[in-house]
Structure formats: structure tokens, C-alpha cells
Amino acid sequence: GAVVSQHPSWVICKSGTSVKIECRSLDFQATTMFWYRQFPKQSLMLMATSNEGSKATYEQGVEKDKFLINHASLTLSTLTVTSAHPEDSSFYICSASGPGGATPETQYFGPGTRLLVL
Amino acid sequence: LAKTTQPISMDSYEGQEVNITCSHNNIATNDYITWYQQFPSQGPRFIIQGYKTKVTNEVASLFIPADRKSSTLSLPRVSLSDTAVYYCLVGDASNTGKLIFGQGTTLQVKP
């Protein structure tokens, strides 16, 4: 149980294009989903928290107009990197928490999406 | 959110027991302690979670002293495949559920 998927697993795009990453909770309803970014040999950095049906809450320093987050249902959240640039190249990871977790705040992570912007 | 402190790296040999200690001096009453494992280019994997005393599952044990200002993840008889980064986090069940990752402990298991 508590499986989270991400799609795509990797993506290469040209500078200036937009990329959408999907995060799905497969066997439980996720009341809250989180998006992280991880650069090589660094820890995960929380970007934003999204709750189903409401606007995402972004961490300080994260541009909400550049990283669009939509949490349209209890099993799906999407992150769109708009007008991507090479510095946006990173490993993007989502997580989900909800009634299916060991405790209400337990987060289960997706496998991550590798983004390379040329 | 409570801050956690862990050793940056640890080395061990196959078959040994590994104990990774995490300090969380400012842990709040409602905070649980959760440990995750991360392999390169993968998302973190939930290992174990506890509130106080001792918790054991099929892969690890978690020891939490009475003051809850620290916790120790114990991995019995590690193998090469346990080489990974281990993160200790504390989170508040009554708040946003946010988890702030520290640097984690890179465990290197040698043959």
C-alpha cells in the first residue's frame, strides 16, 4: 500500500518550453501533496504544499508563477515548470500524505522525475 | 519545525549492526520521528516512524529516549544494498504536515 507514482520519469526539453509532471497516489486518497526539488549530492528542498481543491502554498524563494501546481483531485497533483531554463534542470520529487499513511502526516514519495533543460 | 542533526557519513561492513543517531532538541509535543532511506535517483522510502520508546518493523528498529530529544535508527546485519542516504525528520501531526529535510547520513556498507 501507499504507492505514489510520477510521470514522466525523465524529460529533456528545450529552453523556453513548459514541462508538466504528474504525481498520483495509487492506492490511497492524498489530502495533501508536496513537491520537492533535489540537486546532485544535495538534500531535498521543499518547494510547495498543495491541498486538493485549493491553491498551493509555496516556500520562500520559490516562484509560484514559474512552478504551477494543480491539485485537482485527491489522487492527482501536477507541477508545471513554465518557460524552463537550464538552471531548472533538477530531480523533482512529489510526496503524498493522507488517511492511508501510518500517521496523518506520514509522507510517501514518488520515484522522482529527472528534468534536463537544454 | 524542529531541526534535526545527524552525522554526515558513516561506514560499516556487511553483517554488522548500524546505529544512526539523530538529534532533535526542539522537538514539539505533537511531533513524530520518521526515518527515510534514499538511493541515488530515487525518491525517499519510508523506513520507520515512532513517537516514544521503541518501534520495530521488518527492516529496522527505532529507539527514542524518554526526553525525545534524540532517536537512533538501528539497522541489523546490513548488506551492500543498504548503502544509501538516511534522513531523520520530525513533523507535526496537527499542522501542515511539512517535512524539512536536513543533509541526512550517507551510509557506506563495505564488503
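Everything discussed here concerns the structure shown above.
A few points on the structure. The shown structure was predicted, so the numbers you read here are calculated from the model rather than taken from an experiment. (Residues numbered from 1 in each chain as written. Chains lettered and ligands numbered in written order. Predicted model: local features only at pLDDT ≥ 70, side-chain atom pairs only at ≥ 80, totals over all residues. Heavy atoms only, no water.)

## Details of a nonpolar patch on the surface
Residue and element names in this part refer to chain A. Put simply, the rule is: Only residues whose relative accessible area exceeds 30% and that form no salt bridge enter a patch; like-charged residues are grouped when within 9 Å of one another, and nonpolar side chains (Val, Leu, Ile, Met, Phe, Trp, Tyr) when within 5 Å. The method behind every accessible area is Shrake-Rupley, applied with a 1.4 Å probe, and residues are considered shielded solely by the protein chains displayed. Salt bridges are counted wherever a side-chain nitrogen of Lys or Arg sits within 4 Å of a carboxyl oxygen of Asp or Glu. Secondary structure elements are defined from DSSP: runs of H or I of at least 4 residues count as helices, runs of E of at least 2 residues count as strands, and each element is numbered from the N terminus. Whether a residue is buried, partly exposed or exposed follows from its accessible area with a 1.4 Å probe, protein chains only, as a fraction of its type maximum: under 20%, in between, or over 50%, in that order.
Residues Trp-10, Ile-12, Leu-116 and Leu-118 make up a contiguous nonpolar surface patch of roughly 460 Å² in combined accessible area. With respect to the helices, strands and loops of the structure, Trp-10 is situated in strand E2 (residues 10-13). On the basis of relative accessibility, which here comes to 58%, the residue Trp-10 falls in the exposed class.

## Quick word on the packing of aromatic side chains
Let me state the cut-off plainly: Side-chain rings of Phe, Tyr and Trp (the six-membered ring for Trp) are treated as a pair once their centres are within 6.5 Å; stacked means planes under 30 degrees apart, edge-to-face means over 60, and tilted covers the remaining angles.
Tallied over the entire structure, the rule returns 11 aromatic pairs over all chains. With a centroid separation of 5.2 Å and an interplanar angle of 85 degrees, the aromatic rings of Phe-109 of chain A and Tyr-36 of chain B are classed as edge-to-face. Highlighted residues: Phe-109 of chain A in strand E10 (residues 108-109) and Tyr-36 of chain B in strand E3 (residues 31-38), drawn from two different chains. Exposure remark for Phe-109 of chain A: the relative accessible area of 10% places this residue in the buried category. Relative accessible area serves as the criterion here: at 0%, Tyr-36 of chain B is assigned to the buried category.

## Notes on the environment of Gly-53 of chain A
Residue and element names in this part refer to chain A. Along the chain, Gly-53 turns up in the loop between strand E5 (45-51) and strand E6 (57-58). Of the residues examined, Gly-53 reaches a relative accessible area of 68% and is grouped as exposed. Residues Gly-53 and His-71 lie 18 residues apart in sequence; the distance between their C-alpha atoms is 6.2 Å.

## What about the pairing of E3 of chain B?
For clarity, the threshold we go by: If DSSP finds at least two bridges between two strands, the strands pair.
Of all 8 residues making up E3 of chain B, 7 are buried, and the element is well covered by its neighbours. Counting the residues that bridge the hairpin from E3 of chain B to strand E4 (residues 45-50) of chain B gives 6 residues, and of these Ser-41 of chain B lies at a positive phi of roughly 60 degrees.

## So, unusual backbone geometry
All names here are of chain A. Here His-7 and Pro-8 are connected by a cis peptide whose omega angle stands at 0 degrees. Within the secondary structure layout, Pro-8 lies in the loop between strand E1 (4-7) and E2. Even without glycine at this site, Lys-41 takes up a positive phi of about 60 degrees. Relative to the helices and strands, Lys-41 is located in the loop between strand E4 (32-38) and E5. Residue Lys-41 is classed as exposed on the basis of its relative accessible area of 85%.

## Concerning the interface of chain A and chain B
Let me state the cut-off plainly: By definition in these notes, contact holds between two residues if any of their heavy atoms fall within 4.5 Å. Buried area is understood as the total, over both parts, of accessible area removed when two parts are fitted together, assessed with a 1.4 Å probe. Residues adjacent in sequence count toward polar contacts only when both atoms are side-chain atoms; beyond that, a polar contact is any pair of N or O atoms within 3.5 Å, and within protein one must be able to donate a hydrogen and the other to accept it. Only Asp, Glu, Lys and Arg are considered charged, only Ala, Val, Leu, Ile, Met, Phe, Trp, Tyr, Cys and Pro nonpolar, and every remaining residue, Gly among them, polar.
Taken residue by residue, the interface counts 21 residues in chain A and 21 residues in chain B. Here chain A packs against chain B, burying approximately 1600 Å² in sum over the two surfaces, 55% of which is carbon and sulfur. Along the contact surface separating chain A from chain B lie 1 salt bridge. Residue Lys-98 of chain B is joined to Glu-59 of chain A by a salt bridge in which the shortest nitrogen-to-oxygen separation is 3.0 Å. On the surface where chain A and chain B come into contact, there are 7 residue pairs in polar contact (both at pLDDT 80 or more). Secondary-structure elements contributing two or more residues to the side of chain A that touches chain B are E4, E5, strand E9 (90-97) and E10 of chain A. Of the residues in the side of chain A that touches chain B, the class split is 10 nonpolar, 8 polar and 3 charged.

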